[in-house]
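Letter by letter, the chains look like this.
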Amino acid sequence: MSATQEYLTLCCEEQWRKGRFFHTRCQGDGVCLEPGAHLGRYELFPVDSREPGFVWSRLKIGAQLPRDAAVRVFALAGDSLERTEDFGPPCGAGTDVYLGVTGRYLWLALELTGAGGESPLVRQVSIRMAGDHMVDYLPAIYQEQDFTYRFLSIFNSLFQDMEDAIDTLPRLLDLDSAPPELLAMLARWLCVDPWDVREGLRERLKHILEEYENMYTVEGVKSSARWLTGREARVIEHFAVDPNDPSCRNPELYRRLYGEDPYRFFLLLEEDTFADRDSMERFLERMEDRIPAGTELELVLLKNRVQLDWHTYLGINSRVGGYIPAAIDERVTIHYDTTIGGAEHE
């Protein structure tokens, strides 16, 4: 049996608009019930097979069916474009229906029902137009029997679905065409937590190998912080402000700001980067796997108008510089955070 099957697929709003709506409406590129409606119908425009006496067989529906929702299919066919009768009993219900009507032109109606608070949503309709069938490989005497055709259609659709799944597998594993649910799985295969990336996951995965090559460098740490927070970060390493360097103009100041641990580096972000402390803690946990082994990251949240040269990275988020002169006597209480000094101190 040939793996090639030709289907006419309707899956966008422009195509749906050509049909008729009865208590239904377009929602994006799909069709759903109107607000407040529990029963509605959508009638497709006539489909032309260009072949008199054409046998309409399989219909596949891509739909989102919540609990207590259903889709029923009504079909009518004829060799004349003028429809002379109304729809009869439904051909079937569900998302895979055998039509079993004959004629050049096909009229379809989808009846949507929803008893719950969420409406069913039909995203696409695929009508089989051509392709091999198992009955085509039988002697001519069996090809004319309607029962044989309908019976073999069950197995024909099973085998065709398997062949279609095999044919579409490369598309599902391609970053450009993978659907969102499979994109998250591909991200985990590449050791990327999809929840860590706010947006642009598809683009990031295309360059993930380059990111892994630079992960434990300064640029890699900055890139990881950018993906996790959406903000640009600054990295200050110990050797960049070495107080023992002959060119260091104020060794004591830099010892106080950066300490003397050569395995510690500082990651500077804006104060409003995190909505709360929990999100900051989650960020630090995720960054543990994105920094070089044996190093320690210290996060510094910078406030607006803080002078960077006077900011301490040893856990005290304060501003040193500027003071209010005070007269000391028995009526004044000296607080622990009071700065006292004159021109020389400043």
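Rules of the game
- Residues numbered from 1 in each chain as written.
- Predicted model: local features only at pLDDT ≥ 70, side-chain atom pairs only at ≥ 80, totals over all residues.
- Heavy atoms only, no water.
- Helix = DSSP H or I, 4+ residues; strand = E, 2+ residues; numbered from the N terminus.
- Buried < 20%, exposed > 50% of the residue type's maximum accessible area, 1.4 Å probe, protein only.
- Contact = heavy atoms within 4.5 Å.
- Areas by Shrake-Rupley, 256 points an atom, 1.4 Å probe, with all protein chains shown as cover.
- Core = buried A, V, L, I, M, F, W, Y, C linked by side-chain atoms within 4.5 Å.
- pLDDT = per-residue confidence, 0-100.
- Pairing = 2+ DSSP bridges.
- Axes fitted to C-alpha atoms, helices over the stretch in contact; angles between N-to-C directions.
- Polar contact = N/O pair within 3.5 Å; in protein donor to acceptor, adjacent residues only side chain to side chain.
- Arc of directions from axis to C-beta.
- Expected span 1.5 Å × (residues − 1).
- Patch = residues over 30% accessible without salt bridge, like charges linked within 9 Å, V, L, I, M, F, W, Y side chains within 5 Å.
- Salt bridge = Lys/Arg side-chain N within 4 Å of Asp/Glu carboxyl O.
- Left-handed = near helix turned anticlockwise from the far one by under 90°.
- Nonpolar A, V, L, I, M, F, W, Y, C, P; charged D, E, K, R; others polar.

Trainee: Is there a simple way to explain the overall build of the protein in this structure?
Mentor: If you tally the helices and strands in the protein, you get nine helices and 15 strands. Buried residues in the protein amount to 34% of all 346 residues. Relative to all contacts within the protein whose residues are 6 or more apart in sequence, the contacts with residues 24 or more apart total 65%. As displayed, the protein offers around 21600 Å² of accessible surface, 52% of which is attributable to carbon and sulfur atoms.

Trainee: What's the story with the nonpolar core in this structure? I'm lost.
Mentor: It is characteristic of soluble globular proteins that their nonpolar side chains tend to be buried jointly. Of all hydrophobic cores here, the largest spans 27 residues; its most connected members are W56, L99, L106, L108 and I127. Setting aside residues up to four positions removed in sequence, L106 forms contacts with F45, P46, V47, W56, A75, L76, A77, L99, V101 and I127. Residues A233, M280, F283 and M287 belong to the second largest nonpolar core, which totals 16 residues.

Trainee: Would you mind going over the confidence of the model for the protein with me for this structure?
Mentor: The predicted coordinates of low-pLDDT regions are not to be read in fine detail. Chain-level statistics for the protein give a pLDDT mean of 78 and a share of 82% at 70 or above. In the predicted structure, residues 318-326 sits below a pLDDT of 50 and forms 14 contacts with residues beyond four places in sequence or in another chain. Counting contacts from residues 336-346, a segment whose pLDDT is below 50, to residues more than four positions away or on other chains yields 11 contacts.

Trainee: How should the sheet that holds strand β15 (residues 296-302) be read in this particular structure?
Mentor: Two modes of strand pairing occur in sheets, parallel and antiparallel, and in both the strands are linked by backbone hydrogen bonds. One open sheet holds the three strands; their spatial order is β13-β14-β15, and the pairing between them is mixed. In this open sheet, the two strands that pair with only one neighbour each are β13 (234-237) and β15. Neighbour-to-neighbour, the strand axes of the sheet open up by a mean angle of 25°, direction not taken into account. Bridging between β13 and strand β14 (residues 264-270) involves four bridges; their strand directions are antiparallel. Residue I236 lies in a different strand from β14, and its bridge partner there is F266. Of the strands in this sheet, β14 and β15 are in contact with helix α9 (residues 277-287), which crosses β15 at around 150°.

Trainee: Could you clarify how one ought to interpret the side chain of S49 in this entry?
Mentor: By the element assignment, S49 lies in the loop between β6 (47-48) and β7 (55-64). Polar contacts involving the side chain of S49 include one to the main-chain carbonyl oxygen of R104, which spans 2.9 Å. The contact partners of S49, leaving out residues within four places of it in the chain, are F54, W56, G103, R104 and M129.

Trainee: Would you mind showing me how to read helix α4 (residues 180-189) here?
Mentor: Note: α-helices contain 3.6 residues per turn, so residues at a spacing of three or four share the same orientation. For α4, the full list of buried residues reads L183, A184, L186 and A187. Along the long axis of α4, the arc covered by the buried residues comes to 160°, so they all point the same way. Away from its buried face, by an angle of more than 90 degrees, α4 presents the exposed residues E181 and W189. Buried residues along α4 sit in contact with α3 (146-172) and α5 (201-206). Backbone geometry just after α4 places C191 at a positive phi near 65°.

Trainee: I tried to follow helix α7 (residues 218-229) on my own but got confused; where do I start?
Mentor: Counted at 1.5 Å a residue, the expected span for α7 with its 12 residues is 16 Å, and the 17 Å between its end C-alpha atoms agrees. Within the sequence span of α7, burial applies to G220, V221, S223, S224, A225, L228 and T229. If you follow the buried residues of α7, they end up packed against α6 (208-213), β13, β14 and α9. The first or second residue beyond α7 is G230, which carries a positive phi of 80°.

Trainee: Looking at this structure, how should I read unusual backbone geometry?
Mentor: Excluding glycine, a negative phi dihedral is what most residues carry, and trans is how most peptide bonds are arranged. For H23, which is not a glycine, the phi torsion comes out positive at approximately 60°. The phi angle at R50 is positive, at roughly 60°, despite the residue not being glycine. Take R50: its relative accessible area is 68%, and that puts it in the exposed class.

Trainee: Is there a simple way to explain the pairing of strand β3 (residues 24-27) in this structure?
Mentor: Residues in a regular strand point their side chains to alternate faces of the sheet. Taking every second residue as pointing to the same face, the buried face of β3 carries T24 and C26, while none of R25 and Q27 on the other face is buried. As defined by bridge partners, β3 adjoins strand β4 (residues 30-33) across four bridges and the pair is classed as antiparallel. Each residue of the ladder has a partner; that of R25, found in β4, is C32. Linkage of β3 to β4, two consecutive antiparallel strands, is achieved through a turn of two residues, within which G28 is found at a positive phi near 65°.

Trainee: Help me out: how do you make sense of a nonpolar patch on the surface in this one?
Mentor: A contiguous nonpolar patch, built from F147, F151, I154, F155, L158, F159 and M162 and spanning about 730 Å² of accessible area, is present on the exposed surface. Turning to its location among the elements, I154 is positioned in helix α3. Judged by relative accessible area, I154 falls into the partly exposed class, the value being 47%.

Trainee: When you look at the packing of α7 against α9 in this model, what are you seeing that I'm missing?
Mentor: Between two packed helices, what matters for the description is the angle formed by their axes and the separation of those axes. At a minimum axis distance of 11 Å, the contact between α7 and α9 shows a crossing angle of 145°. Crossing handedness for the pair α7 and α9: right-handed. Taking contact as the criterion, the partners of V221, S224, A225, L228 and T229 in α7 are, on α9, F283, R286 and M287. Per-class residue counts for the contact of α7 with α9 are five nonpolar, two polar and one charged.

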